[in-house]
Amino acid sequence: MTELISLFVGMALINNFILVKFLGLCPFFGVSKKLSSAVSMGAAVTFVMFIASTATWIITRYILIPFEVEFMDIVIYILVIASLVQIIELFIIRTSFALYNAFGIYLALITTNCAVLGITLLNARESYSLPESIAAALGAGIGFTLVLAIMSGIRERLEIADSPKSMKGLPVAFITATLLGLAFSGFGGMI
Amino acid sequence: MNPVIILILTAMGMLSSAIIYLAYVKIPHKVKGIERIEEISGALPGVNCGACGFAGCFGYAQELSKDTKMITEKPCPVALQSSETIRNLEKVLDIKLDASALRKKALLHCCGGNSEIIYNYSGVESCKAAAQLWGGYKKCPYACLGFGDCLKACPYDAISIDKEKNIAVIDFEKCTGCGLCVSECPHNLIELVPAGTKVSFRCSYEPLRDIPGRGKCQYGCIHCRKCFNACEFDAITWNKEEAIPEFNIEKCTLCGKCIEICPQDTLAFFNKTDAEIKSPSAV
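Rules and cut-offs
Counting of residues starts from 1 at the beginning of each chain's written sequence and follows it residue by residue. A letter from A marks each chain and a number from 1 marks each ligand, given out in the order of writing. Note on the predicted model: pLDDT of at least 70 is required for a residue's local features to be given, and 80 or more for side-chain atom pairs to be given and counted; whole-chain, interface and lining totals, by contrast, use all residues. Only hydrogens and water are set aside when side-chain values are computed; all heavy atoms of the structure are taken into account. Put simply, DSSP marks the helices as runs of H or I at least four residues long and the strands as runs of E at least two long, and each gets a number from the N terminus on. For each residue, the accessible area found with a 1.4 Å probe, counting protein chains only, is set against the maximum for its type, and the residue is called buried under 20%, exposed over 50%, and partly exposed in between. We call two residues in contact when some of their heavy atoms are within 4.5 Å. What sets the accessible areas is the Shrake-Rupley method with a 1.4 Å probe; for residues, cover comes only from the shown protein chains. Note: buried area is the sum, over both parts, of the accessible area (probe 1.4 Å) each one loses when the two are combined. The working definition used for a salt bridge is a side-chain nitrogen of Lys or Arg within 4 Å of a carboxyl oxygen of Asp or Glu. Each polar contact in these results corresponds to two N or O atoms within 3.5 Å; when the atoms are within protein, one needs to be able to donate a hydrogen and the other to accept it, and residues that are neighboring in sequence are counted only if both atoms are side-chain atoms. When residue character is reported, Ala, Val, Leu, Ile, Met, Phe, Trp, Tyr, Cys and Pro are called nonpolar, Asp, Glu, Lys and Arg charged, and the others, Gly included, polar. Any pair of Phe, Tyr and Trp rings, taking the six-membered ring for Trp, is counted once the centres come within 6.5 Å. Such a pair is stacked with planes under 30 degrees apart, edge-to-face with planes over 60 apart, and tilted for the rest. Two conditions define a charge sitting above a ring: the NZ of Lys or the CZ of Arg must be within 6 Å of the ring centre, and it must be within 35 degrees of the ring normal. For every residue, the pLDDT score states the predictor's confidence, bounded by 0 at the bottom and 100 at the top.

**Student:** Could you give an account of the overall build of chain B, naming the residues involved and the relevant values?
**Tutor:** A count of helical and extended segments in chain B gives eleven helices and eight strands. Within chain B, the proportion of its 283 residues that are buried is 42%. For chain B, the proportion of contacts with a sequence separation of at least 24, taken over those separated by at least 6, is 54%. Summing over all exposed atoms, chain B offers an accessible surface of approximately 16300 Å²; the carbon and sulfur share of this is 54%.

Right, here's the structure in full:
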């Protein structure tokens, strides 16, 4: 159990997907303008990471390894994640409209997100067991949400701050991202 | 190449598509009215551009399912471009759509003219900021200030600034009638009018305060009713409350008499360029 917790914390903070592994940088800058949309995006990513790593673990364990085709993982994972997200979206639209409105269009955006593919590939590389995969996926998702929320909070303030004209918008966001990355590098070597 | 790879890939692909198909058929429609929304969104263009003001075509279909009549107030500009989409929408929504009446274009109710400059403005280059200071630097309080707030809002490059007159110019061809510029203008000069509008009234004004035409600008309407009297086809009605002419699209024959007789040059053909108007063949 302690191993799972340390894996979870390690994925969320020490090996943070955005600031340490540089995965999912597109939503990091694209969806971090408003806190509410950042949290929705983070929740959707966490949810899809959880589902995808469970599904791909089963496929790796019972299809890829017995047939010795582990090198095909990227192709198979993309196929599985894309169709999974489609089904989940369909299910959510038809059964719970409130949930669909909360997730909005983010669910469809995640279909080809590299952070989701990254966590499944990482699970396969490290040959984690099923509980370990789930802990890693949840940790990565929570870390992703955390960084997105912090970034959007900073950017909301930056919007009204008096920054030089040439630095307005994205440039100052890039600098903020590097400072945020510096702060997160302080977690390195904690576990 | 190992045949097992091909086999596994094919099997996985077919399995996924089969599961998605099964999900599409089998998942129950528990949310009330969801079938209707799916049906409507199927008839929409499906490009998710957001020009209607909702989050994608699905969001638009959601609103349409509540009230089909709102399509005339907030029509989908993309659907109006193609007659086939309009027909599909008519069938699904069970209403009649008059596309040519719905298609809108932006019209600027100011022709710049030579409104006197009352002070030298050297602040932020924005109409909204300039309008805060005595309603702008031009003598006419309803003048276009020409800093291009509308230009920044336009996603289609349809607006440019005429440097000479210092006003915005809207390109009829490029304008899609999305209406994003309307709320940008601090003087409320831009109005969405039907695309079939023939004569544009290029002056904005509030009758209760003062008359912009007199002493403020060479081109402003002076409410002389000459255009109303000149029209032989009953296409112009006189709005007594606001003391401005109103144009009937169907009755107007584009004869150009009202434009000719206007002493102030307030009127102009709507969807023609200046060059076309000057050449007599266009009239």
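Moving on from the coordinates now.
**Student:** Report on the interface of chain B and chain A, specifying residues and quantitative values.
**Tutor:** Often, the extent of an interface is quoted as the loss of accessible area upon association of its parts. The interface is formed by 21 residues belonging to chain B together with 22 residues belonging to chain A. Per-residue buried area on chain B facing chain A is highest for Ile-8, Met-12 and Ile-27 of chain B; these three make up 26% of the total on that side. For the interface between chain B and chain A, the tally reads one salt bridge. Residue Glu-38 of chain B is joined to Arg-94 of chain A by a salt bridge in which the shortest nitrogen-to-oxygen separation is 3.2 Å. Across the chain B-chain A interface, the total number found is two residue pairs in polar contact (both at pLDDT 80 or more). When its residues are assigned to classes, the side of chain B that touches chain A shows 15 nonpolar, four polar and two charged.

**Student:** Outline the packing of aromatic side chains, supporting the account with residue identities and numerical values.
**Tutor:** Describing an aromatic ring pair means giving the distance of the ring centres and the angle of the ring planes. Overall, the coordinates contain eight aromatic pairs over all chains when judged by the stated rule. Aromatic side chains Tyr-137 of chain B and Phe-147 of chain B sit 5.9 Å apart centroid to centroid with 65° between the ring planes, which places their arrangement in the edge-to-face category. Residue Tyr-137 of chain B is found in the loop between helix H7 (127-131) and helix H8 (149-153), and its partner Phe-147 of chain B is found in the loop between H7 and H8; the two are separated by ten residues along the sequence. Ring-pair connections join several aromatic residues into one group, and the members of that group are Phe-28, Phe-29 and Phe-174 of chain A. The ring of Tyr-24 of chain B has Arg-94 of chain A lying over it, and the distance from NZ or CZ to the ring centre is 4.8 Å. In this structure, Lys-105 of chain B is placed above the aromatic ring of Phe-172 of chain B, and the distance from its NZ or CZ to the ring centre is 4.9 Å.

**Student:** Now, about the environment of Ala-51 of chain B: what can you tell me, with residues and values included?
**Tutor:** Mapped onto the secondary structure, Ala-51 of chain B falls in the loop between helix H2 (34-43) and helix H3 (56-66). Distance in space between the C-alpha atoms of Ala-51 of chain B and Cys-150 of chain B is 16 Å, their sequence separation being 99 residues.

**Student:** Hey, could you go over the confidence of the model for chain B for me, with residue numbers and the actual values?
**Tutor:** Overall, the prediction assigns chain B a mean pLDDT of 79, with 88% of residues at 70 or greater. Segment residues 273-283 of chain B: pLDDT under 50, and nine contacts once partners within four positions in sequence are set aside and those in other chains are kept.

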